[in-house]
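Below are the chains, spelled out letter by letter.
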Amino acid sequence: TDVDFSFSIMKGCTEDTVQFTNLSEPGQYSWNFGDGTLPEDTTANPLHIYQDQDNYVVRLKIEDLDGCVDSVIKIVDVRHPLVAAFTSGEDSVCQDSGVPVQFNDGSTGATGWNWDFNDGTTSNLQNPSHIFTLAGTRNVRLIVNDDLPCYDTTYHNIYVDSLPFLSFVTDKHSICMGDRVNFTAEYLNTALSLNWDFGDGTHWKQEDGTSHSFDQPGTYWVTVTADFPVCADVQKTDSVVVNAFPVVNLGPDSVLCLDGPSIRVTDVNNAADPTISWKWR
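In what follows, the accompanying structure is described. All figures in this text were calculated on a predicted structure; none of them were measured in a lab. (Residues numbered from 1 in each chain as written. Predicted model: local features only at pLDDT ≥ 70, side-chain atom pairs only at ≥ 80, totals over all residues. Heavy atoms only, no water.)

One can find Asn243 in strand 22 (residues 234-243). Taking relative accessible area as the criterion, Asn243 reaches 31% and is therefore assigned partly exposed. The spacing of Asn243 and Met177 is 66 residues in sequence and 6.0 Å in space, taken between C-alpha atoms. The contact partners of Asn243, leaving out residues within four places of it in the chain, are Ser174, Ile175, Cys176, Met177 and Pro217. (Helix = DSSP H or I, 4+ residues; strand = E, 2+ residues; numbered from the N terminus. Buried < 20%, exposed > 50% of the residue type's maximum accessible area, 1.4 Å probe, protein only. Contact = heavy atoms within 4.5 Å.)

Right under this line is the structure:
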């Protein structure tokens, strides 16, 4: 018995159609398409739709006019997967870095690419690079297509850290020993922490503002550092002058007689300092 067939595949995005052409001698035919379809097809040149992409074992059985039975088996491959995928060189960048992020396509079956960087810009390159200038989380989208065309989509987030900002205000720049100074900070709310260093060996973490008292005279440089997720740390510094308490020296003890001559009392230590005033009792 002479039994044979050929086939042609018409690919689709959700299903694939296969046209079978019977090359066998006349007789009764029975087709098994390998995907569980029942009953078997008995037409001479059937058209069959496959719902899933796979390899299918197709069998054509024939009973010729003399009652002899024979069959032939062929593999029908309707696999043509399209899967969008990509990686990025960086997952987070600083807004002012100017460093491009490299995107690398890892898709399967793609012949076309459409990138949307979620900041108003796009690209049709397979492996583009992009500089992000808008702060925030950018949900980058890749749509790929094949020659049919079918489409598939995937996403990946890129975090763009905002431009760092930090300043602080000192309510007093000159104090006496033991006095307290208040510090108020202004900074971008993306900062992870504020680190205060008061220049006297004392330091701690505290958000917004803080206060500190200085117990020894001198000039102290107070530094606050803001730690940001991606961008470099930012520091600001201001000074506080701590003055020692004045020491008064009125000279040695003296004795005077009633109605006798007066005695002049003078602060020996500070008499020459024009910035000092006295209150006598």
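Let us keep going from here.
Let us now look at the side chain of Ser88. Within the fold, Ser88 resides in strand 7 (residues 86-88). Within the local environment of Ser88, its side chain forms a polar contact with the backbone oxygen of Glu90, the two atoms lying 3.0 Å apart. (Polar contact = N/O pair within 3.5 Å; in protein donor to acceptor, adjacent residues only side chain to side chain.)

The subject of this paragraph is the sheet that holds strand 7. Working definition: the strands of a sheet are paired by backbone hydrogen bonds and lie parallel or antiparallel to each other. Pairing is antiparallel in the open sheet, where three strands are placed in the order 7-9-12. Each end of this open sheet is capped by a strand with a single partner; those strands are strand 7 and strand 12 (129-130). Across three bridges, the pairing between strand 7 and strand 9 (residues 101-105) is antiparallel. Along strand 9, the bridge assignment pairs Thr87 with Asn104. (Pairing = 2+ DSSP bridges.)

Phe183, Leu194, Trp196, Phe214, Val222 and Val240 are the most contacted members of the largest nonpolar core, which totals 21 residues. Not counting the four nearest positions on each side in its chain, Val222 is found in contact with Phe168, Phe183, Trp196, Asp197, Phe198, Phe214, Lys236, Thr237, Asp238 and Val240. (Core = buried A, V, L, I, M, F, W, Y, C linked by side-chain atoms within 4.5 Å.)

As a further point, take the pairing of strand 20 (residues 209-213). Side chains of strand 20 alternate between two faces, with Thr210 and His212 buried and Gly209, Ser211 and Ser213 left unburied. Where strand 17 (residues 180-187) and strand 20 come together, five bridges link them in antiparallel fashion. Directly across from Thr184, in strand 20, lies its bridge partner Gly209.

This part is about the pattern of salt bridges. Here the structure, examined in full by the defined rule, presents five salt bridges. In this structure, the salt-bridge partner of Asp77 is Arg79, at a minimum N-O distance of 3.0 Å. Residue Asp77 is classed as partly exposed on the basis of its relative accessible area of 35%. Its relative accessible area of 47% is what places Arg79 among the partly exposed residues. For Asp116, the salt bridge identified is with Arg141, shortest N-O distance 3.7 Å. Taken together, the residues Asp116 in strand 10 (residues 112-116) and Arg141 in strand 13 (residues 136-145) connect sequence positions 25 residues apart. (Salt bridge = Lys/Arg side-chain N within 4 Å of Asp/Glu carboxyl O.)

We now examine the state of the cysteines. Applying the stated rule across the entire model yields two disulfides. Here Cys13 is linked by a disulfide to Cys150, with a sulfur-sulfur distance of 2.0 Å. Given an S-S torsion of about -100°, the disulfide between Cys13 and Cys150 has left-handed geometry. Of this pair, Cys13 sits in the loop between strand 1 (5-10) and strand 2 (16-22) while Cys150 sits in the loop between strand 13 and strand 14 (151-161), and the two are 137 residues apart along the sequence. Judged by its relative accessible area of 46%, Cys13 is partly exposed. With its sulfur 1.9 Å from that of its partner, Cys94 forms a disulfide with Cys231. Of note, the bridge from Cys94 to Cys231 carries an S-S torsion of about 100° and is right-handed in sense. (Disulfide = S-S within 2.5 Å.)

Scope: geometric values only; no functional claims are made or implied.
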